[in-house]
Amino acid sequence: MRKTIILMLSVALLAVGCCKQQSNQPKMEDECLYSPEQTDFAFWSNVAEQMELRLHAAPDAQDFETVALTKNENDFWTASVSGDLAGKYYTVRSFQNGEWAAESPGIFAKAVNINGQKAAIIDFAKTNPEGWDQDLRPAMTDPTDIVVYETHLRDYTMANPAIENKGKFLAFTEQPAIDHLKELGITHLQILPFFDFGSIDETKTINSQLSTINSQLSTINCYNWGYDPVNYNVPEGGYSTNPYDPACRIREAKQMIQALHKAGIRVIMDVVYNHTYDVMGCALGRVVPKYFYRLNEDGTYANGSGCGNETASDHEMYRRFMVESVCYWAREYHIDGFRFDLMGIHDQETMNAIRAALDEIDPTILTYGEGWAAEAPSYPYEQLAMKQWTYKMPRVGAFSDDIRNALIGSPFDHERGFASGNPAGKQALMNGLVGCIGFEDPNGLLGPEPLRWAGEPMQHVSYITCHDNYCLRDRIEVSAPEETEATKLRMNKLAQTAVLVSQGMSFLYGGEELYRTKQGIDNSYQSPDSINTIPWENKEKYADLFEYYQNMIAIRRAHKGFRLGSSELVKEHVEFVPTENESLVVYRIKNLEGIDTAKSLIVLLNGGNQAQQIEIPEGKYILLAFNGEADVNGLSELEESQAIVAPYSATILAEK
């Protein structure tokens, strides 16, 4: 027995020793650790035979100092250089298979020169705006309280005459940019990728008015969504006022986040870890060829991203890279959430590791993404972070194409959806309203096998449009071109109402509240500003639409019944009322005493062109929405046993 105890103790001590040794090895983010006395460098490569660092006095300097790097037992190549190196630049290159690879700024560069070919050595403490140490995330209790507003820095700012720093991080430090978001009532701003990406020549972005002067040049050089990562851990220089200054983009990105936090708005970063802009043109491919990517059996690059390559989150060091990268943005930039592009390419273990690491920083940091891939990834399907496996990744959400397609039709055809007169999506809509949690309706209204891919409602991102595909106005136009504008506006309101009364997390595409159009272009990733910008003049022209969105967001936030927060509560309090009309959904949240200010909530969604009437439980009601109008304080009071819902609209009742 004593020998057994000694053996167990020895194994335990060995395990502690291993953990200690692993915790002492460099992190991938430790590539460049600056202090005024010395700078420490550490680059990971398991294939290099030699590695060297090149120190440059200036980004365009032809001469450089070469520093040999020494490999440790963990495949990190390290060196320490004494003296104050602030203001210098560096590149790293590796020798493998008998030749030196091209230089790169390193895998985890955190500051770079213009267009990101060299890494910069800076004192990060000097990049912090005044009061940064006191910057706090706005309070948040439950993810289902969230209303996300997605936008692109240029889309939101270029056409607003009141904004000075158009197309720049600093635009969101200006009151006109912030005031609109506050008026609308959103809680989180999701910004399309603002890490350093490859499709924009930063030398051509100095003048923020460039694209309005020359729209053709904008198409070529100045506009892109940014889904083409180069340096994952550096803000994009094209959004700074001076991309030649490595510290400028860092400071201004922080100023943007700080200003939004002061306004009570959290910031979500759109991240693209699933592929790189180029393979051998980026650090991942140059420093450690092929390791960070999945390969086909013939040695060619797999292409689940549809962009020529897919990264290998299942490989230990790329998983570590992803985890450390999101944590770095959360710590250094105070980012409040991450939206993962083509999340289905990543494996479930990696997404769970990211969630666990962020929980140690702040459990309220949000994680969600696209639960699909562009093409079939080169990895076992059942282990991928696809939407159908969302329940295996607690507190990681996925976009619901179920509720999207049900409401407005699939983006891959021009068919109508429920909100525009096609009742075929009714069952999927009801599943989406309860968050696709496997809701078993006693009347079987949600089908013989109700949709279940989310474990909790917060994992269901309810939306109808985003930057991809048609915006809502254009989608309704291509599927219902013969309808009048008045009818199309009713369809618009009905679709967005369903999103905002669903039990999942609500997501809105920026500009829908202003009836934006992209002139029928569904893939505007490099279209000029004239196609992509939000039309601010529509705020007056379509004031009724803006006010409806505003009031519906307020209604959602005022009534906990629309965001119960757990699958147990949804199953306990929600019921669907059978109807003879296929174009009518009746959704009731009942027995809300102690949960909501209302005793019950009743939602009638009419996707048909005829008014409908239905019996409701007797009681005293406040009419929150009716016939295309909404008011968080109530349009009127009712004391009836029947409710009417107008064509292509919603009626919402709160029982007193």
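Residues numbered from 1 in each chain as written. Predicted model: local features only at pLDDT ≥ 70, side-chain atom pairs only at ≥ 80, totals over all residues. Heavy atoms only, no water.

A. Region of interest: the overall build of the protein. From N to C terminus, the protein includes 17 helices and 28 strands. Here the C-alpha radius of gyration of the protein, 26 Å, is about what a compact globule of 656 residues would show, namely 26 Å. The burial tally for the protein puts 61% of its 656 residues in the buried class. When contacts within the protein are restricted to residue pairs at least 6 apart in sequence, long-range pairs at least 24 apart make up 73% of them. When the accessible surface of the protein is totalled, it reaches about 25,000 Å², and 49% of it is carbon and sulfur. Averaging the locations of the 56 positively and 90 negatively charged side chains of the protein gives two centres separated by 3 Å. (Helix = DSSP H or I, 4+ residues; strand = E, 2+ residues; numbered from the N terminus. Rg over C-alpha atoms; globule rule 2.2 N^0.38 Å. Buried < 20%, exposed > 50% of the residue type's maximum accessible area, 1.4 Å probe, protein only. Contact = heavy atoms within 4.5 Å. Areas by Shrake-Rupley, 256 points an atom, 1.4 Å probe, with all protein chains shown as cover. Lys, Arg positive; Asp, Glu negative; His and termini not counted. Charge placed at Lys NZ, Arg CZ, Asp CG, Glu CD.)

B. Seen up close, the pattern of salt bridges. Scanning the entire structure with this criterion turns up 36 salt bridges. We note a salt bridge from Glu370 to Arg339, for which the minimum N-O separation is 3.3 Å. Pair noted here: Glu370 is in the loop between strand S16 (366-369) and strand S17 (397-399) and Arg339 is in strand S15 (residues 337-340), with a separation of 31 residues, a long-range link. Where Asp413 meets Arg475, a salt bridge forms, and the shortest distance between an N and an O atom there is 3.8 Å. One end of the pair, Asp413, is in the loop between helix H10 (401-408) and helix H11 (426-433); the other, Arg475, is in helix H12 (residues 472-479), with 62 residues separating them in the sequence. A relative accessible area of 31% means that Asp413 is categorised as partly exposed. Overall, the relative accessible area of 2% leaves Arg475 in the buried class. Sharing partners across several salt bridges, the network here consists of Glu52, Arg54, Arg93 and Glu103. (Salt bridge = Lys/Arg side-chain N within 4 Å of Asp/Glu carboxyl O.)

C. Just the sheet that holds strand S10 (residues 147-151), in detail. One closed barrel holds the 8 strands; their spatial order is S10-S11-S14-S15-S16-S17-S18-S19, and the pairing between them is parallel. Averaged over all adjacent pairs, the angle separating strand axes in this sheet is 30°, with direction ignored. Packing of helix H6 (residues 246-262) onto the sheet brings it into contact with strand S11 (188-191) and strand S14 (266-271), and relative to S14 it is tilted by some 140°. Strand contacts of helix H13 (residues 485-500): S10, strand S18 (460-462) and strand S19 (505-509), with the helix running at about 145° to S19, the strand carrying the most contacts. (Pairing = 2+ DSSP bridges. Axes fitted to C-alpha atoms, helices over the stretch in contact; angles between N-to-C directions.)

D. Main features of the packing of aromatic side chains. Counted under the stated rule, the structure contains 36 aromatic pairs. Centre to centre, the rings of Trp44 and Tyr291 are 5.0 Å apart; their planes meet at 55°, and the pair counts as tilted. Taken together, the residues Trp44 in strand S2 (residues 38-44) and Tyr291 in the loop between helix H7 (283-287) and helix H8 (316-332) connect sequence positions 247 residues apart. For the pair Trp44 and Tyr291, a shared accessibility class is recorded, and that class is buried. Ring centres of Tyr273 and Phe340 lie 6.3 Å apart, and the angle between their planes is 35°; this geometry places the pair in the tilted category. Here Tyr273, found in the loop between S14 and H7, pairs with Phe340, found in strand S15; they are 67 residues apart in sequence, far enough to count as distant. Owing to a relative accessible area of 1%, Tyr273 belongs among the buried residues under this scheme. The class for Phe340 is buried, based on a relative accessible area of 0%. Over the face of the ring belonging to Tyr328 we find Lys110, whose NZ or CZ atom lies 5.7 Å from the ring centre. (Phe/Tyr/Trp six-rings, centres within 6.5 Å; stacked < 30°, edge-to-face > 60°. Lys NZ or Arg CZ within 6 Å of the ring centre and 35° of its normal.)

E. How the structure looks around the pairing of S14. Counting buried positions along S14 gives 6 out of 6 residues, so the element sits mostly inside the fold. The alternating pattern of S14 places Arg266, Ile268 and Asp270 on one face and Val267, Met269 and Val271 on the opposite face, and all of these are buried. Note: S11 against S14, 4 bridges, orientation parallel. Bridging from a neighbouring strand, Ile191 pairs with Met269 of S14.

F. Representation of the pairing of S19 within the structure. A large share of S19 lies buried, amounting to 5 of its 5 residues. Sheet topology places S10 next to S19; 4 bridges connect them, and they run parallel. The partner of Val147 across the bridge, within S19, is Ser506. Note: S18 against S19, 2 bridges, orientation parallel. Its bridge partner being in S19, Val461 is matched across the sheet by Met505.

G. Seen up close, the side chain of Thr390. Assignment of secondary structure puts Thr390 in the loop between S16 and S17. The residues contacting Thr390, other than those within four sequence positions of it, are Val396, Ala398, Trp453 and Gln459.

H. Structural context of unusual backbone geometry. Positive phi is not limited to glycine here, since His334 has a value of about 60°. Mapped onto the secondary structure, His334 falls in the loop between H8 and S15. Under the relative-accessibility criterion, His334 is labelled buried at 14%. At Cys436, a residue that is not glycine, the phi angle is positive and equals roughly 50°. Mapped onto the elements, Cys436 comes out in the loop between H11 and S18.

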